[in-house]
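# Commentary on secondary and tertiary structure
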Amino acid sequence: MFEIRIHSRGGQGGVTAAKLIAQAAFHDGRCATAFPFYGAERRGAPVVSFVRISDQPIKVYSQIRNPDMVIVLDASVMDSTDVLAGLKEGGAVLINTAQPPAIEGHPVHAVDLTGIALAQNLVVAGSPILNTPVLGALARLGLVSKESALAAIAETFSDPRNATVANTAYEETKL
Amino acid sequence: MNPLPAEEFVHKCTTACAGCTSSLSLRYILKAAGPDTVLVVPACCTAVLQGVYPATAMNVTVYNIAFAAAAATASGMAAAFRRAGRATNVICYAGDGGTVDIGIQALSGALERGTDFLYICYDNEAYGNTGMQRSGATPIGAITTTTPGGKTDAKKDIDRIVAAHSIPYMATACAAYPQDLYAKVKKALSIPGPKFIHLLSPCPPGWRYSAERSVEVGKLAVKTGLWMLYEREHGELRINPVSKAAMKRPAPVEEYLKVQGRFKGISDQAKGALVAAMEQNHRRLLAEEAGTC
Amino acid sequence: MLTIATGNKAVAAAAKEARPGVIAAYPITPQTEIVEQLATYVAEGSLDADYVPVESEHSAMAACIGASAAGARTFTATSSHGLLYMHEMLHWAAGARTPVVMANVNRALGPGWNTWAEHTDAFSQRDTGWLQVFVATVQEAYDATLMAFRIAEDERVLLPVMVNLDGFALSHITQSLETVDVGDFIPPFHLPHAIDIAHPRGYGTLTPPDIYFKFRWDMERSMRASREVIAETEAEFARRFGRLWGPTEDYRCEDADVVVVALGTLGKEAEVAVDKLREEGVKAGSMRLRWFRPFPILDLAGREVVVIDRDYSFGFGGVMAHSIRSTTGVEPYSVIAGLGGQEVTYDDIAQFVRQREVGREFWFGVSD
């Protein structure tokens, strides 16, 4: 089972990102669950959501304590949250940033998801859309297939720019 | 006098008290409504006086429901009937406690969401079914079993609360004026949407007068101007002539009070408050009718 | 059709498939998504129903009773305090024999405010005459909701059914979902005692002591008959749609020396704990109770039993532990865990099994 923890801020689409990843994994013929951690968080507060992907039915409902991977959709949450907490040894960190920070012991994949969204003017209610480009980045990292990522996006959003940004993020993500 | 339909929907086997005006009124209400009617009845005297299972004195369907739930039940029922293409009248028949106190939330909700029904509050100004405890509709100065020294708070003005919902039709009525009640029920049921009738129902055991005086007491309530008869159709107020006359040449309030044991020993202060509230009600209604409010 | 959905969306999709005529509901976390979705179906015209936007849960149930009595299939959803606020009308719905179907997204009760999973809300309604089923996956939420209509409306039952799913843990998790074309699996709504204007009747008339108990017995007779109706319905569902559900979901129980009994998502998590324990050589099994009312007939003889209660009856104990004890005669190890969304992992559940002491009660996380 592969477990992912997503850090974002309320309103940035972290919960939808988790759903999209699960949906893409599902298109790959795998089992997946996605769920947010619900607290009293409101728009703008740091929030966490989770994705589990497995080839077997997933029976675990408890939170992910030792993720295989961490995704940070808003690098500013790293000021107040230990995003590496419990991350497995050698577990990858995908960060939405133009300036990749050095993190010891973990491979860091830095992609400017915000820049990619802004380049397409893909902004909703003042927030650049991050959950579709991140799917492109994850496809590049091999978590889900690119076809499935695009299928999940197409099923969820009607705006074709969502596929465009996913493709851009796919290209810009370095292995 | 208009001839009323001969058909009876309340048979002479209710378990009502002698001189009960709510059962008398129901007879006229159902004559106006006719057989395609469901009566939704929360906890109140009518829940008991309709008879004991397996018998019933009622010749229309009566749906008994919990105290606070009449108007909401009507919402679901009306929706189901309309879906089925039926014009069935859904009439809530609830006491004052079930209307102005425990049922007010459901009533307000049903009025606001446009339920196609008629809500009739028969008001005997106390919890009659449980033996005359104070309700929000009990007038100031009235003795009940929970206000043995006379109620110290004023009667809740449910009519103004209902009016604030801007429903297409609302009216007041009094059991002593059955023709007026009949006409108002008829009119209410001809209008789609939420309708409300507030019916004063003198109550011999509760108000402490002898059973044969129910009509007299009801008429006194109107002729003193304490109980105003009017209707408000699509925001247009029409005060009944009898109430207009009462405002000009009112019968003395004392005549209404002295025939009822519940007002025995009423303080001058309470009496003054009753009269002041009455006069304020008159001023409001006159101003509204004149279009100056 | 194979898709993905949250527990809430699955319930809404199933309710839509059942074609209710009247939906009366009031929002409450974490159920709200269900009624939002249904209101959307109605607004967009994909569901021909009346959505009655009531002002409270008490009124939601009252409206469902009125609509059902008038001959409409009805559905509502609630949680926690909403369910408690309905309590009076839950009794009324069952007593009036109105086969309302309701989803209850299990949530803890205040104070303090807590929106996470707990079963005390539903267990507090155990004597209302409602059938209650607890589900653990998005698929099961969908399937159980569909079956609830057929079971409730069966003339041998005519009692309301409550479909329980854990707040957030299931209501908001995204999993795969296979929707079905329900066809005639749910027959057209027919209430034999629906209001018939041509034959006026008194409903809920004053009922004297020499008769009242007969109505109560009739409810119990229907509750007993519901076991058979549930079994038939689940068998028919399996025949048509390929998924078989039962009174319990048993996992590795055949040769188990110790059985973990739980409800909802904890009952699913327990299966992972069982696998872990088996690796250690402990012959463990998991029995997830699905039906709470009618309470299933369980065979736990000769096994040690660890009961996890995500609920509590103060001054008495875990409701499930006592239910197991009283219906099977087996003395369980009673674990109180997961209250108000308290995190309980499969490792924790495995530890409950390892530390079991028959006859004792253990509050997870409480040191004394």
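Below is a summary of the structure that appears in this document. Keep in mind the model is a prediction, meaning the values are calculated, not measured.

### Here we look at the overall build of chain A
Of the regular secondary structure elements, chain A holds five helices and eight strands. Counting helices and strands in the order they occur from the N terminus, chain A gives β-α-β-β-β-β-β-α-β-β-α-α-α. Taken against the 2.2 N^0.38 rule, which gives 16 Å for 175 residues, the C-alpha radius of gyration of chain A at 15 Å falls within 12% of a compact globule. Each of the 175 residues in chain A was classed as buried or not, and the buried ones make up 50%. Long-range contacts, defined as pairs at least 24 residues apart, comprise 60% of the intrachain contacts of chain A with a sequence gap of at least 6. Put simply, chain A shows about 7500 Å² of open surface, and 51% of that area lies on carbon and sulfur atoms. In chain A, 14 side chains carry a positive charge and 16 a negative one; their mean positions are 6 Å apart.

### Considerations on the overall build of chain B
Per the secondary structure count, chain B includes 12 helices and eight strands. In terms of C-alpha radius of gyration, chain B reaches 18 Å, essentially the compact-globule figure of 19 Å for 293 residues. In terms of overall dimensions, chain B has a C-alpha envelope of 55 × 45 × 40 Å along the principal axes. The buried share of chain B, reckoned over its 293 residues, is 57%. Carbon together with sulfur atoms contributes 56% to the accessible area of chain B, which is approximately 11100 Å² in total. For chain B, the separation between the mean place of its 31 positive charges and that of its 24 negative charges on side chains is 2 Å.

### Side note on the interface of chain C and chain A
Taken together, the 26 residues of chain C in the interface contact 16 residues of chain A. Together chain C and chain A conceal approximately 1900 Å² of surface at their shared face, both sides included; 62% is due to carbon and sulfur atoms. Together, I4, T174 and E343 of chain C form the three largest contributors to the area buried by chain C at its contact with chain A, with a combined 26%. Across the pair K59 of chain A and E271 of chain C runs a salt bridge, and its minimum N-O distance is 2.7 Å. Applying the counting rule to chain C against chain A returns seven residue pairs in polar contact (both at pLDDT 80 or more).

### Focus on the packing of aromatic side chains
One pass over the full model with this rule turns up 22 aromatic pairs over all chains. Their ring planes at 75° and their centres at 6.2 Å tell us that F292 of chain C and F295 of chain C sit as a pair that is edge-to-face. Overall, F295 of chain C belongs to the buried group, its relative accessible area being 10%. An aromatic cluster of at least three residues, connected via ring pairs, comprises F123, F134, F292 and F295 of chain C. Across the ring face of Y170 of chain A, the terminal group of K146 of chain A is positioned such that the distance to the ring centre comes to 4.4 Å. One Lys or Arg, K16 of chain C, reaches over the ring of Y41 of chain C and ends 4.4 Å from the middle of that ring.

### A closer look at the packing of helix α1 (residues 14-27) of chain A against helix α4 (residues 146-156) of chain A
Residue and element names in this part refer to chain A. Where α1 meets α4, the axes come as close as 8 Å, and the angle between the chain directions of the two elements is 125°. As judged from the angle between their axes, α1 and α4 are oblique. Judged by the sense of rotation from one axis to the other, the crossing of α1 with α4 is right-handed. Here α1 contributes L20, Q23, A24 and H27 to the contact with α4, which in turn contributes S148, A149, A151, A152, I153, E155 and T156. Looking at the contact of α1 with α4 residue by residue, the class counts come to six nonpolar, four polar and one charged.

### Concerning the environment of A13 of chain C
Residue and element names in this part refer to chain C. Relative to the helices and strands, A13 resides in helix α1 (residues 7-17). Of the residues examined, A13 reaches a relative accessible area of 16% and is grouped as buried. With 161 residues separating them in the primary sequence, A13 and T174 have C-alpha atoms 14 Å apart. Sequence-distant contacts of A13, that is, excluding residues within four places in its chain, are made with Y41 and Y142.

### Focus on the sheet that holds strand β14 (residues 304-309) of chain C
Residue and element names in this part refer to chain C. Spatially, β10-β12-β11-β14-β15-β16 is the arrangement adopted by the six strands of the open sheet, whose pairing is mixed. The open sheet terminates on both sides in strands that have one partner only, identified here as β10 (248-251) and β16 (361-363). Each adjacent strand pair in this sheet contributes to an overall mean axis angle of 20°, direction not counted. With four bridges connecting them, β10 and strand β12 (residues 284-289) associate as antiparallel partners. Bridging from a neighbouring strand, E249 pairs with R288 of β12. The strands touched by helix α8 (residues 264-279) within the sheet are β10, β11 (258-263), β12 and β14, with β12 carrying the most contacts at an inclination of about 170°. Sheet strands in contact with helix α10 (residues 346-354) are β11, β14, β15 (333-336) and β16, and its direction is about 140° off that of β14.

### Things to note about the layout of surface pockets
Here the largest pocket defines a volume of roughly 1000 Å³. Along its surface, the largest pocket is lined by 35 residues, and G95, Y203, G204, T205 and T207 of chain C are the ones closest to its centre. Ranked by residues supplied to the lining of the largest pocket, first place goes to helix α7 (residues 209-241) of chain C with six residues. Empty space within the second largest pocket amounts to approximately 850 Å³. If you trace the second largest pocket, you find 36 residues lining it, with G10, G11, V15, Y38 and V47 of chain A closest to the centre.

### Quick word on the pattern of salt bridges
Going through the model one piece at a time under the given rule, you end up with 53 salt bridges over all chains. For R134 of chain B, the salt bridge goes to D153 of chain B, with nearest N and O atoms at 2.9 Å. Of this pair, R134 of chain B sits in the loop between β4 (117-123) and α6 (158-163) while D153 of chain B sits in the loop between β4 and α6, and the two are 19 residues apart along the sequence. Among the residues examined, R134 of chain B registers a relative accessible area of 31% and is labelled partly exposed. Residue class for D153 of chain B comes out partly exposed when judged on its relative accessible area of 38%. It is possible to trace a salt-bridge network through shared partners that takes in K59 of chain A together with E140, E234, E249, K268, E271, R288 and R290 of chain C.

### Comments concerning α8 of chain C
With 16 residues, α8 of chain C ought to run about 22 Å at 1.5 Å a step, and its terminal C-alpha atoms sit 24 Å apart, in line with that. At the C-terminal side of α8 of chain C, G281 of chain C shows a positive phi close to 95°.

### What to know about the pairing of strand β5 (residues 101-106) of chain C
Counting buried residues along β5 of chain C, six of its six residues qualify, which places the element largely inside the surrounding structure. Each parallel crossover has a hand, and the one from strand β4 (residues 74-78) of chain C via helix α4 (residues 80-95) of chain C to β5 of chain C is right-handed.

### Let's talk about the sheet that holds strand β7 (residues 161-166) of chain C
Residue and element names in this part refer to chain C. Spatial ordering of the open sheet is given by β3-β2-β4-β5-β7-β6-β13, a layout of seven strands whose pairing is mixed. Each end of this open sheet is capped by a strand with a single partner; those strands are β3 (50-53) and β13 (291-293). Neighbouring strand axes in the sheet, compared pairwise and without regard to direction, differ in orientation by 20° on average. When strand β2 (residues 22-25) meets β3, the two strands line up parallel, connected through four bridges. Within β3, the residue paired with A24 across the bridge is V52. Against the sheet, α4 engages β4, β5 and β7, with an angle of about 145° to β5.

Definitions and cut-offs
- Residues numbered from 1 in each chain as written.
- Chains lettered and ligands numbered in written order.
- Predicted model: local features only at pLDDT ≥ 70, side-chain atom pairs only at ≥ 80, totals over all residues.
- Heavy atoms only, no water.
- Helix = DSSP H or I, 4+ residues; strand = E, 2+ residues; numbered from the N terminus.
- Rg over C-alpha atoms; globule rule 2.2 N^0.38 Å.
- Buried < 20%, exposed > 50% of the residue type's maximum accessible area, 1.4 Å probe, protein only.
- Contact = heavy atoms within 4.5 Å.
- Areas by Shrake-Rupley, 256 points an atom, 1.4 Å probe, with all protein chains shown as cover.
- Lys, Arg positive; Asp, Glu negative; His and termini not counted.
- Charge placed at Lys NZ, Arg CZ, Asp CG, Glu CD.
- Buried area = accessible area lost by both parts, 1.4 Å probe.
- Salt bridge = Lys/Arg side-chain N within 4 Å of Asp/Glu carboxyl O.
- Polar contact = N/O pair within 3.5 Å; in protein donor to acceptor, adjacent residues only side chain to side chain.
- Phe/Tyr/Trp six-rings, centres within 6.5 Å; stacked < 30°, edge-to-face > 60°.
- Lys NZ or Arg CZ within 6 Å of the ring centre and 35° of its normal.
- Axes fitted to C-alpha atoms, helices over the stretch in contact; angles between N-to-C directions.
- Parallel < 35°, antiparallel > 145°, perpendicular 65-115°, else oblique.
- Left-handed = near helix turned anticlockwise from the far one by under 90°.
- Nonpolar A, V, L, I, M, F, W, Y, C, P; charged D, E, K, R; others polar.
- Pairing = 2+ DSSP bridges.
- 1 Å grid on protein atoms, 1.4 Å probe; cavity = no way out; pocket = protein on both sides within 12 Å on 5 of 7 lines; lining within 4 Å.
- Points joined across faces, edges and corners; volume = space filled by probe spheres on them.
- Expected span 1.5 Å × (residues − 1).
- Right-handed = clockwise from strand over helix to strand, strands pointing away.

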